[in-house]
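Results of the structural survey
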Amino acid sequence: MNKNDFPDAAARLGAEIREVRKARGLTLNTLSAQLSCSTAYLSRIELGSARVSDALLQEIGKVLHVDPAWFFPAQSGDGPLERYHIVRAENRRQLSDMYTRSEAEMGFRDELLSSTLSGQCYLILSRFAPGKGTPPEPLEGFVFEGEQHAIVITGEVELRLGDELIVLRAGDSFSYPSMIAHRFRNRTDEEATMVWAMSPVRISW
């Protein structure tokens, strides 16, 4: 991240830390208790009014299970608003490495399409490798508060929604409350891709 970018570099870094903390479901108190800084100082870091040392950033990354480089997204463009809000294809950040479940268990790999994890929802691109995503036995579906909306861009994906097994093909879309147990897999020999809008923001699966 260019230190001359808009907004102030410290404010952007603080916001990135806050977004990952909240997506992990941690409070300021819970996170600071595992760091060598006070809750008050961590709050100032998130607000951009206090600097964070390299050593403390490493601590934060370790507790949040994220490479500190995540907090400095690659940005490009002529103007500050373009650099801040637009995500070029080559600058997308990987999400799957931050999940608590492995890519092999999930059956897909996610890329963040949104410029940040802030806000009420976020946009992601999922790539389902051929023949991946077979649910464990007995079948376990993901269940959490919120909602999911998506469209299949390429390929074919099998969705188990509650007790129903549904085949989704390119152009098909869906939306459902994520309290309904759900699981996906790609049974074909070609990659499948989907674009999602999800709420609330979460990176713990």
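Owing to the predicted nature of the structure, the values given are computational and were not obtained by experimental measurement.

Turning next to the overall build of the protein chain. Counting its regular elements, the protein chain contains six helices and nine strands. Expected size for 205 residues packed as a compact globule is a radius of gyration near 17 Å; at 18 Å, the protein chain falls within 12% of this value. For the protein chain, the residues scored as buried account for 42% of the 205 residues in total. If you take every contact in the protein chain between residues at least 6 apart in sequence, the share linking residues at least 24 apart comes to 62%.

We now examine the sheet that holds strand S5 (residues 156–161). Taking strand neighbours across the sheet as the criterion, the three strands line up as S6-S5-S8 in an open arrangement whose pairing is antiparallel. Sheet topology places strand S6 (164–169) and strand S8 (182–185) at the edges, where each strand pairs with a single neighbour. Strand-to-strand twist of the sheet, defined as the mean angle between neighbouring strand axes without regard to direction, takes the value 25°. Bridge count between S5 and S8: four bridges; the pairing is antiparallel.

Domain parsing of the protein chain yields domain 1 (9–72) and domain 2 (88–199). The centre of domain 1, based on its C-alpha atoms, is set 28 Å off from the matching centre of domain 2. The interface of domain 1 with domain 2 comprises eight residues on the first partner and ten residues on the second. The largest contributions to the domain 1 side of the interface with domain 2 come from Glu 19, Arg 24 and Trp 70, which together make up 69% of the buried area. Of the charged contacts in the structure, one is a salt bridge between Glu 16 and Arg 93, with a shortest N-O distance of 3.0 Å. For the interface between domain 1 and domain 2, the tally reads five residue pairs in polar contact (both at pLDDT 80 or more). Residue composition of the side of domain 1 that touches domain 2, grouped by class: three nonpolar, one polar and four charged.

Under the local residue numbering, the UniProt record ascribes the feature "domain: HTH cro/C1-type" (unreviewed entry) to residues 17–71. Secondary structure across residues 17–71 divides into 58% helix and 0% strand, with the first and last C-alpha atoms of the span separated by 7 Å.

The next point concerns the environment of Gln 75. Its location among the elements puts Gln 75 in the loop between helix H4 (54–64) and helix H5 (80–85). A polar contact of 3.3 Å, which involves the side chain of Gln 75, links it to the backbone oxygen of Arg 83.

On to the environment of Phe 72. Among the structural elements, Phe 72 can be located in the loop between H4 and H5. Classification of Phe 72 as partly exposed rests on a relative accessible area of 34%. Considering only alpha carbons, one finds Phe 72 and Ala 9, 63 residues apart in sequence, at a separation of 9.3 Å.

A few words on the pattern of salt bridges. Under the counting rule described, the total for this entry stands at ten salt bridges. Notably, a salt bridge pairs Arg 127 with Glu 111, separated by 3.0 Å at the nearest N-O pair. Of this pair, Arg 127 sits in strand S3 (residues 122–128) while Glu 111 sits in strand S2 (residues 109–112), and the two are 16 residues apart along the sequence. The buried category is assigned to Glu 111, whose relative accessible area is 11%. Through salt bridges with shared partners, a single network forms among Arg 92, Glu 111, Arg 127 and Glu 191.

Okay, the packing of aromatic side chains next. Here the structure, examined in full by the defined rule, presents six aromatic pairs. For the pair Phe 108 and Phe 128, a centre-to-centre distance of 5.1 Å together with 50° between the ring planes defines the contact as tilted. You can see Phe 108 sitting in the loop between helix H6 (103–106) and S2 and its partner Phe 128 sitting in strand S3, a full 20 residues away along the chain. With respect to burial, Phe 108 and Phe 128 carry one shared label: buried. Members of the aromatic cluster, joined through ring pairs, are Phe 108, Phe 128, Phe 174, Tyr 176, Phe 184 and Trp 196. A cation over an aromatic ring shows up here: Arg 93 above the ring of Trp 70, its NZ or CZ 4.2 Å from the ring centre.

Counted at 1.5 Å a residue, the expected span for helix H1 (residues 9–23) with its 15 residues is 21 Å, and the 21 Å between its end C-alpha atoms agrees. In terms of burial, H1 is a largely internal element, twelve of the 15 residues being buried. Listed in full, the buried residues belonging to H1 are Ala 9, Ala 10, Arg 12, Leu 13, Gly 14, Ala 15, Glu 16, Ile 17, Glu 19, Val 20, Arg 21 and Ala 23. On the buried face of H1, the contacting elements are helix H2 (28–32), helix H3 (39–47), H4, H5 and strand S1 (93–94). Looking one or two places after H1, you find Gly 25, whose phi comes out positive at around 75°.

Reading guide: rules and limits
Residues numbered from 1 in each chain as written. Predicted model: local features only at pLDDT ≥ 70, side-chain atom pairs only at ≥ 80, totals over all residues. Heavy atoms only, no water. Helix = DSSP H or I, 4+ residues; strand = E, 2+ residues; numbered from the N terminus. Rg over C-alpha atoms; globule rule 2.2 N^0.38 Å. Buried < 20%, exposed > 50% of the residue type's maximum accessible area, 1.4 Å probe, protein only. Contact = heavy atoms within 4.5 Å. Pairing = 2+ DSSP bridges. Axes fitted to C-alpha atoms, helices over the stretch in contact; angles between N-to-C directions. Domains from an automatic or database assignment. Buried area = accessible area lost by both parts, 1.4 Å probe. Salt bridge = Lys/Arg side-chain N within 4 Å of Asp/Glu carboxyl O. Polar contact = N/O pair within 3.5 Å; in protein donor to acceptor, adjacent residues only side chain to side chain. Nonpolar A, V, L, I, M, F, W, Y, C, P; charged D, E, K, R; others polar. UniProt positions renumbered as here; feature names shortened; annotations may be inferred. Phe/Tyr/Trp six-rings, centres within 6.5 Å; stacked < 30°, edge-to-face > 60°. Lys NZ or Arg CZ within 6 Å of the ring centre and 35° of its normal. Expected span 1.5 Å × (residues − 1).

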